[in-house]
Amino acid sequence: MSTDATAEQRADFWFDPACPFAWATSRWIGEVEKVRTIQTEWHVMSLSVLNEGRELEHQRAMDENWGPVRVIIAASELHGAEHIKPLYDAMGTLIHQENVTDRSEVIRRALDEVGLPPELAEYSDSDEYDRQLRASHRKGIDLVGQDVGTPIVAINGTAFFGPVITRVPRGEEAGKLWDAAVGLASFPHFFELKRTRTERPKVG
């Protein structure tokens with residue numbers, strides 16, 4: 001299938017800043033934006049919400065991961081949705097590229113980097129905006145079903161879990177991967193491709 005690279009297309013991207021796979025895919029979308037005409041809208045989902053009620057070996061990490069998503073949602077509610085992507089970029093860089101494990105430090109440094117009030121960090125331990133967080137999460141999940149993780153990407157309105165990648169293609173290679181995803185999304189009866197992962201994302 002040929003794809004018109006000049007026609008504007010749309011991506012809706014749901015992420016949890018803690019997820020390395022969402023991070024890799026989000027960096028790919030950034031590359032796609034350089035070589036294709038796409039409009040991207042960024043949305044928060046939460047691995048902590050997704051895994052509520054499950055007994056997990058890494059439960060402590062899930063508990064700590066409430067903080068960043070709560071702060072992003074609070075920033076969006078109080079200062080505007082335009083802050084969602086910059087905060088994600090700042091948090092993701094600290095978590096996945098600088099290997100900062102302390103979520104409080106991640107939040108503090110990310111808020112400082114994007115020029116938002118440091119008081120927003122207080123929302124990491126507050127459920128004040130959890131209704132909005134859950135609504136954003138549910139909007140993505142409702143498009144694909146419960147048996148998924150992050151990221152969720154809706155391509156021109158058709159949503160999938162993924163694409164899951166472990167390296168970030170650059171330039172026209174990124175565009176070709178986008179074209180392939182657009183082609184799959186355009187067929188209404190396509191649902192899934194999968195193979196076993198043999199490595200974790202390497203983004204740097």
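Residues numbered from 1 in each chain as written. Predicted model: local features only at pLDDT ≥ 70, side-chain atom pairs only at ≥ 80, totals over all residues. Heavy atoms only, no water.

**Side note on the layout of surface pockets**
Thought 1: In this structure, the second largest pocket encloses a volume near 190 Å³.
Thought 2: Residue lining of the second largest pocket: 13 residues in total, with I73, S76, E77, Q132 and S136 positioned closest to the centre.
Thought 3: Of all elements in the fold, only strand 2 (38-44), helix 4 (66-79) and helix 7 (130-144) reach the threshold of two or more residues within the lining of the second largest pocket.
Thought 4: Class assignment of the residues belonging to the lining of the second largest pocket gives a composition of 6 nonpolar, 4 polar and 3 charged. (1 Å grid on protein atoms, 1.4 Å probe; cavity = no way out; pocket = protein on both sides within 12 Å on 5 of 7 lines; lining within 4 Å. Points joined across faces, edges and corners; volume = space filled by probe spheres on them. Helix = DSSP H or I, 4+ residues; strand = E, 2+ residues; numbered from the N terminus. Nonpolar A, V, L, I, M, F, W, Y, C, P; charged D, E, K, R; others polar.)

**As for the sheet that holds strand 4 (residues 158-161)**
Thought 1: Pairing within the open sheet is mixed, and its 4 strands lie in the order 2-1-3-4. Each end of this open sheet is capped by a strand with a single partner; those strands are strand 2 and strand 4. The sheet shows a mean angle of 20° between the axes of neighbouring strands, taken without regard to direction.
Thought 2: Direction of pairing for strand 1 (residues 9-15) relative to strand 3 (residues 152-155): antiparallel, over a ladder of 4 bridges. Along strand 3, the bridge assignment pairs D12 with A154.
Thought 3: Docked against the sheet, helix 1 (residues 20-35) engages strand 1, strand 2 and strand 3, running at close to 155° with respect to strand 2.
Thought 4: Along the sheet, helix 5 (residues 84-97) contacts strand 1 and strand 2; its crossing angle with strand 2, the most-contacted strand, is approximately 70°. (Pairing = 2+ DSSP bridges. Axes fitted to C-alpha atoms, helices over the stretch in contact; angles between N-to-C directions. Contact = heavy atoms within 4.5 Å.)

**Digging into the packing of helix 4 against helix 6 (residues 103-114)**
Thought 1: In contact at an axis separation of 9 Å, helix 4 and helix 6 are set at 25° when each is read in the N-to-C sense. One way to sum up the angle between helix 4 and helix 6 is to call them roughly parallel. Every pair of crossing elements has a handedness; the one defined by helix 4 and helix 6 is right-handed. On helix 6, the residues that touch G67, P68 and V71 of helix 4 are R103, I107 and L111. (Parallel < 35°, antiparallel > 145°, perpendicular 65-115°, else oblique. Left-handed = near helix turned anticlockwise from the far one by under 90°.)

**With respect to the pairing of strand 3**
Thought 1: The alternating pattern of strand 3 places I152 and A154 on one face and V153 and I155 on the opposite face, and all of these are buried.
Thought 2: In terms of strand pairing, strand 3 meets strand 4 through 4 bridges, oriented antiparallel. Residue I152 lies in a different strand from strand 4, and its bridge partner there is F161.
Thought 3: Remark: 2 residues form the turn of the hairpin made by strand 3 and strand 4, two consecutive strands paired antiparallel; N156 in that turn has positive phi of roughly 55°. (Buried < 20%, exposed > 50% of the residue type's maximum accessible area, 1.4 Å probe, protein only.)

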